[in-house]
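# Structural features, examined
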Protein chains: 2
Amino acid sequence: MNESGSASDDHGTVGPCVGDLAEGELLERIFPRLPHADAELLGPGDDAAVVLAPDGRFVVTTDTMIHGPDFRLAWSSAHDLGWKAAASNLADVAAMGARPTALVVALAMPKHLPVAVLDGFADGLRDACAELAPGCGVVGGDLAVSDVFMIAVTAFGDLEGRAPVRRDGARPGDVVAVAGELGSAAAGLRLLFSRGVDADGVPSAEAAAGLRRDHRVEVAAQLAPRPPIAAGVVAAVAGATAMLDLSDGLALDAGRLARASGVAIDLRAEDLGADVALALAGGEDHSLLATFPAATTIPAGFRTIGMARTGAGILVDGVAYDGRAGWDPYRDWDDASG
Amino acid sequence: MNESGSASDDHGTVGPCVGDLAEGELLERIFPRLPHADAELLGPGDDAAVVLAPDGRFVVTTDTMIHGPDFRLAWSSAHDLGWKAAASNLADVAAMGARPTALVVALAMPKHLPVAVLDGFADGLRDACAELAPGCGVVGGDLAVSDVFMIAVTAFGDLEGRAPVRRDGARPGDVVAVAGELGSAAAGLRLLFSRGVDADGVPSAEAAAGLRRDHRVEVAAQLAPRPPIAAGVVAAVAGATAMLDLSDGLALDAGRLARASGVAIDLRAEDLGADVALALAGGEDHSLLATFPAATTIPAGFRTIGMARTGAGILVDGVAYDGRAGWDPYRDWDDASG
């Protein structure tokens, strides 16, 4: 922060900091940027919001993103953060077979963070809702000050009269299908950890900018994923017996579905793309994994990658999978800032 | 943390730390301790929960508590934290005239935090729901690791067919009434800041224990408040024209109600208790401030403290209030740990 109370960060942003404005001023500034929810009956500004739940139920999920374990400001733009916070939560709603209706967003921000970051974050929320879940918007939230930048999003969905698609409904003989990328987000994260750093290993905005240019698809999949949100409802309508969001990698998440359902999942390596190991172990794709009865026509957006069988655990081409069941470089990452 | 991975903190807790257990192990440990929600159709364990919204709408509010700005582990027990996180959010639901139905809870915890703190936190959530909002429970959440202990609760409520009681409905001539304490939480906080510290001014568990013994009411009002949650529905049924939760002090919050409604609020000093200044400025009571048409019988649990008039702003005994409009010693508190 300079003497006039403005700041410039790695992104070249200049302007007031979060700590320079009162909470009310910050709220007035970002409300107009936030996406409106069609389901909103009463929006921000009172003790609580009121949201439509037309079929007498609502789906709810919450997920937190924390600077350090979950993101780096050197790598993610503010827009990326808002986008990913929305997208990752929308995917959980979609994975129940629901249509996302609304979000509430709690932010804890360091005082020295430029207010422009808050603006960009709001724009990212807006653009993610507009592209991935039209009609979904922000109905409320909370702003707080913290030494650590933290984002907690709670997302809501409408089941439109359908039963929720749980993870425990797969049966032997069901076809296993996926909508969305496998391994791309992990490929992007691997690139960022290996080459998005300076000579001392500290996350670098300059290095990340080069990666964004040269490896656009993978880096975007990691920093601003585009999960197939609408495919959740499509799968439910088509009769999916089980579904979940791939947040921790195909092997780990398919294992959860298999365990909950009491089946084995046998995946076909040739359907998992060029890098099978990465497809199996790579997290944060937020793709949708679903099972369908064998007689079902697999709906548009999904592709078959295997079959549920009697037994337990994950197989690849009929052989028990014993590879690394997750990809999380953050886990062992040191505390270098960035 | 000692060499065996266990820990002892100011509360004398010994056992494993949060960082010693996988997220799945932590969840298995706390699920049984969490309160069940009568409105839960599908609880924790899938991508999202499903909650009843019987009248086709739900009320939602979210609030964050952050170690440092909002609480100190030296002062609050883990049970206090769970209790207060629930109570403060339940009060926002109640202030809409709704019955609280469910919570989702996102926690970010330092790795070295004893798991016993998580247990106590869950017990506090459970006990607050049982006492303040029977039938309300936890339907989902998120656990994350962070250098800063942070709690984000999102709470839901059922309007049971009624219109929400907003803050903009007060009319000149309405009676102004309050349910719950005025100034007690601030008195407790003042005691903690002045006498709950060691010789160096650092928050001290030992000093706080003495205060808990000698000033039980005030310290409990600050650390584990008991807002009159059921009074929210009572006020709505009685015909309250406006209502809000007193989180930032009577003067500031009544000012918000006055501004939203386009009226002046004239408070009677003799109805504000022994310490009028503290009643006006003291935050975090989470009492309910409501206005009722003059002909209304003020419902049980509420007491009259003034009247809405034509004009603007806050008056005390007919004179414009120009006192300190909030009480927040955290705001100027240094960064001493504790």
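- As recorded by an unreviewed UniProt entry, chain A carries the name Thiamine-monophosphate kinase and is attributed to Plantibacter flavus.
- On record in UniProt, under Function (unreviewed entry), the comment for chain A is "Catalyzes the ATP-dependent phosphorylation of thiamine-monophosphate (TMP) to form thiamine-pyrophosphate (TPP), the active form of vitamin B1."
- The heading Sequence similarities (unreviewed entry) in the UniProt record of chain A holds the text "Belongs to the thiamine-monophosphate kinase family."

## A look at the sheet that holds strand β9 (residues 175-179) of chain A
Residue and element names in this part refer to chain A.
- Read from one edge to the other, the open sheet built from seven strands follows the order β10-β12-β9-β13-β11-β14-β15, with strand pairing classed as mixed. Among the strands making up the open sheet, the edge pair consists of β10 (242-246) and β15 (319-320).
- Pairing of strand β11 (residues 264-267) with strand β13 (residues 303-309) involves four bridges; the strand directions are antiparallel. Following the sheet pairing, A264 is matched in β13 by R309.
- Relative to strand β12 (residues 287-292), helix α7 (residues 230-238) is tilted by about 5°, and along the sheet it contacts β9, β10 and β12.
- Those strands touched by helix α8 (residues 250-261) are β10, β11, β12, β13 and β14 (313-316), and its axis lies near 155° from that of β10.

## A few points about the packing of aromatic side chains
Residue and element names in this part refer to chain A.
- Applying the stated criterion across every chain yields a total of 12 aromatic pairs over all chains.
- Ring geometry for F71 versus F149: centroids 5.5 Å apart, planes at 85°, classification edge-to-face. Here F149 lies in the loop between β7 (137-145) and β8 (150-158) and F71 lies in the loop between β5 (57-66) and α2 (78-94), a separation of 78 residues in the sequence. For the residue pair F71 and F149, the accessibility class agrees, reading buried in each case.

## Overview of the pattern of salt bridges
- All told, the structure shown has 40 salt bridges over all chains when counted by the stated rule.
- A salt bridge links D119 of chain A to R29 of chain A; its shortest N-O distance comes to 2.6 Å. Of this pair, D119 of chain A sits in helix α3 (residues 115-132) while R29 of chain A is found in helix α1 (residues 23-30), placing the two residues 90 residues apart along the sequence.
- When its relative accessible area of 8% is taken as the criterion, D119 of chain A is described as buried.
- R29 of chain A sits in the partly exposed class, given a relative accessible area of 33%.
- The salt bridge partner of D127 of chain B is R126 of chain B, with a shortest N-O separation of 3.2 Å.

## Here we look at the UniProt feature "binding site: substrate" (unreviewed entry) in chain A
- In the numbering adopted here, UniProt assigns the feature "binding site: substrate" (unreviewed entry) to D70, E284 and W327 of chain A. The subset of these annotated residues that lines the second largest cavity comprises D70 of chain A.

## Details of the interface of chain A and chain B
- Listed as interface residues are 48 residues of chain A and, on the opposing side, 49 residues of chain B.
- Here chain A and chain B share an interface that buries about 3,700 Å² over both sides, 62% of which is from carbon and sulfur atoms.
- Viewed at the interface, chain B and chain A are joined by four salt bridges.
- R167 of chain B is the partner of D47 of chain A in a salt bridge, and the nearest nitrogen-oxygen pair spans 3.5 Å.
- Applying the counting rule to chain A against chain B returns 17 residue pairs in polar contact (both at pLDDT 80 or more).

## Structural notes on the domain arrangement of chain A
Residues and elements named next belong to chain A.
- When the domains of chain A are assigned, the result is domain 1 (7-14 + 22-158) and domain 2 (165-332).
- A C-alpha centroid distance of 24 Å is found between domain 1 and domain 2.
- The interface of domain 1 with domain 2 comprises 28 residues on the first partner and 28 residues on the second.
- Carbon and sulfur atoms supply 61% of the area buried between domain 1 and domain 2, which totals about 2,300 Å² over both sides.
- Area buried by domain 1 at its contact with domain 2 is led by W75, K84 and A95, which between them contribute 33% of it.

## A word on the side chain of D47 of chain B
- Structurally, D47 of chain B is set in the loop between β3 (40-42) and β4 (49-52).
- A polar contact is formed between the side chain of D47 of chain B and the side chain of R167 of chain A, at a distance of 3.4 Å.
- In terms of polar contacts, D47 of chain B uses its side chain to reach the backbone amide nitrogen of D245 of chain A, at 3.2 Å.
- Contacts of D47 of chain B, omitting those with residues within four sequence positions, involve T61, D92, A95, M96, R167, M243, L244 and D245 of chain A.

## So, the relation of the copies chain A and chain B
- In the superposition of chain A on chain B (RMSD 0.0 Å, axial shift 0.0 Å), the rotation amounts to 180°. Between the two chains, the operation in question is that of a two-fold axis. For chain A, the minimum C-alpha distance to the rotation axis belongs to G56 of chain A and amounts to 2.3 Å.
- Of the residues that chain A buries at the interface, 100% are likewise interface residues in chain B, meaning the two copies contact each other through the same surface.

Definitions and cut-offs
- Residues numbered from 1 in each chain as written.
- Chains lettered and ligands numbered in written order.
- Predicted model: local features only at pLDDT ≥ 70, side-chain atom pairs only at ≥ 80, totals over all residues.
- Heavy atoms only, no water.
- UniProt positions renumbered as here; feature names shortened; annotations may be inferred.
- Pairing = 2+ DSSP bridges.
- Helix = DSSP H or I, 4+ residues; strand = E, 2+ residues; numbered from the N terminus.
- Contact = heavy atoms within 4.5 Å.
- Axes fitted to C-alpha atoms, helices over the stretch in contact; angles between N-to-C directions.
- Phe/Tyr/Trp six-rings, centres within 6.5 Å; stacked < 30°, edge-to-face > 60°.
- Buried < 20%, exposed > 50% of the residue type's maximum accessible area, 1.4 Å probe, protein only.
- Salt bridge = Lys/Arg side-chain N within 4 Å of Asp/Glu carboxyl O.
- 1 Å grid on protein atoms, 1.4 Å probe; cavity = no way out; pocket = protein on both sides within 12 Å on 5 of 7 lines; lining within 4 Å.
- Buried area = accessible area lost by both parts, 1.4 Å probe.
- Polar contact = N/O pair within 3.5 Å; in protein donor to acceptor, adjacent residues only side chain to side chain.
- Domains from an automatic or database assignment.
- Least-squares fit on C-alpha atoms with pLDDT ≥ 70 in both.

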